[in-house]
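Residue-level listing of the chains:
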Amino acid sequence: MDSQPSSPDPVAIKIMIAGGFGVGKTTMVGSVSEIRPLRTEATLTEKSEGVDDTAQVSGKTTTTVAMDFGRITMRDGLSIYLFGTPGQDRFWFMWDELAYGALGAVVLADTRRLAESFASIDYFEGRGLPFIVAVNCFDGARQYAEQDIRAALDLDPRVPIVLCDARSRESAKETLITLVGHVLDGAGMKA
């Protein structure tokens, strides 16, 4: 009797895309996903005035209220699932569910509003989940040296910092590759 080799069980890798309000999480998931991303966007209303700081993102009209979801198939049986987190603290109750089983995270940062990255960094450091910081290169935003960003965010020297354009598929892919490399190197694990 001929027996055919069994195909390996499918493997799914879960990665979180996190950061502050309006930093580009939804854009990044959408730019790199091979499928039409699932988005849970709601229109910003008068009720969010005074709650959501839209000063630096004046053109923003919607916000993620649960998550963004995208997929990248690496090869048959190996997929990466991307979960973009909501940025406002009133939606952070979702983060623990999104983080469950995650390989690691990308913390998107905007140099015009670096303080909005602290909560994401604290979250992943507190849970021992490997992460990298990807500075989203917004048009017209001032560029800073890596050591200045690292000092401003008080980052461990082992946490990689990369420049990223969340609108670019190639840039988003390179950012994800950096995260996976960081995890594989074990640099994200506490010694």
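As a reminder, the structure under discussion sits directly above these lines.
Cut-offs used in this document
- Residue positions are counted from 1 within each chain, in the order its sequence is given.
- Residue-level local features of this predicted model are given only where pLDDT is at least 70; pairs of side-chain atoms are given and counted only at 80 or more, and the full residue set underlies all totals for whole chains, interfaces and linings.
- Calculation of side-chain values draws on the structure's entire complement of heavy atoms; hydrogens and water are dropped beforehand.
- Runs of E in the DSSP output that reach at least two residues are strands. Runs of H or I that reach at least four are helices, and both are numbered from the N terminus.
- Relative accessibility thresholds used throughout: buried, under 20% of the residue-type maximum; exposed, over 50%; partly exposed, between the two (1.4 Å probe, protein chains only).
- Residue contacts are defined here by distance: any two heavy atoms, one from each residue, within 4.5 Å place the two residues in contact.
- Residue-level accessible areas treat just the shown protein chains as cover; the underlying method is Shrake-Rupley with a 1.4 Å probe.
- What a helix should span is 1.5 Å times the count of its residues minus one.
- Summarising the geometry, the arc corresponds to the directions from the helix axis toward the C-beta atoms.
- Working definition: a ring pair exists when centres of Phe, Tyr or Trp rings (six-membered ring for Trp) sit within 6.5 Å. Plane angles under 30 degrees give stacked, over 60 give edge-to-face, the rest tilted.
- By definition here, charges over rings are those cases where NZ of Lys or CZ of Arg is within 6 Å of the ring centre and within 35 degrees of the ring normal.

S.K.: Explanation requested: the overall build of the protein chain in the structure shown.
M.R.: A count of helices and strands for the protein chain gives five helices and seven strands. In the protein chain, the order of α-helices and β-strands from amino to carboxyl end is β-α-β-β-β-α-β-α-β-α-β-α. Taking all 191 residues of the protein chain together, the buried fraction comes to 46%. Taking the contacts inside the protein chain whose residues are at least 6 apart along the sequence as the reference set, 72% of them involve residues at least 24 apart. Looking at the protein chain as shown, the accessible area adds up to about 10500 Å², and 52% of this sits on carbon and sulfur atoms.

S.K.: What am I meant to see in helix 5 (residues 169-184) here?
M.R.: Along an α-helix, residues three or four positions apart point the same way, because every turn accommodates 3.6 residues. Relative to the 22 Å expected for 16 residues at 1.5 Å per residue, helix 5 spans 22 Å between its end C-alpha atoms, a close match to the ideal helical length. Regarding helix 5, the residues found buried are Ser171, Ala172, Thr175, Leu176, Leu179, His182 and Val183. Down the axis of helix 5, the buried set is contained in an arc of 140°. They therefore lie on one face. In helix 5, the exposed positions that point more than 90 degrees away from the buried face belong to Ile177 and Leu184. Remark: Gly186 follows helix 5 within two positions and exhibits a positive phi of approximately 75°.

S.K.: I tried to follow helix 1 (residues 25-32) on my own but got confused; where do I start?
M.R.: When you tally the buried positions in helix 1, you get six out of eight residues, the bulk of the element. Along helix 1, the residues classified as buried are Lys25, Thr26, Met28, Val29, Ser31 and Val32.

S.K.: Is there a simple way to explain the packing of aromatic side chains in this structure?
M.R.: Taken as a whole and judged by the stated rule, the model has four aromatic pairs. A ring pair is formed by Tyr123 and Phe124, whose centres lie 5.2 Å apart and whose planes are at 90°; its orientation type is edge-to-face. The buried category is assigned to Tyr123, whose relative accessible area is 11%. Under the relative-accessibility criterion, Phe124 is labelled buried at 0%. By way of ring pairs, the aromatic residues Phe69, Tyr81 and Phe83 are connected into one cluster. Over the aromatic face of Phe83 sits the side chain of Lys14, whose NZ or CZ is 4.9 Å from the ring centroid. The cationic tip of Arg112 hangs over the ring face of Phe138; the distance from NZ or CZ to the ring centre is 4.6 Å.

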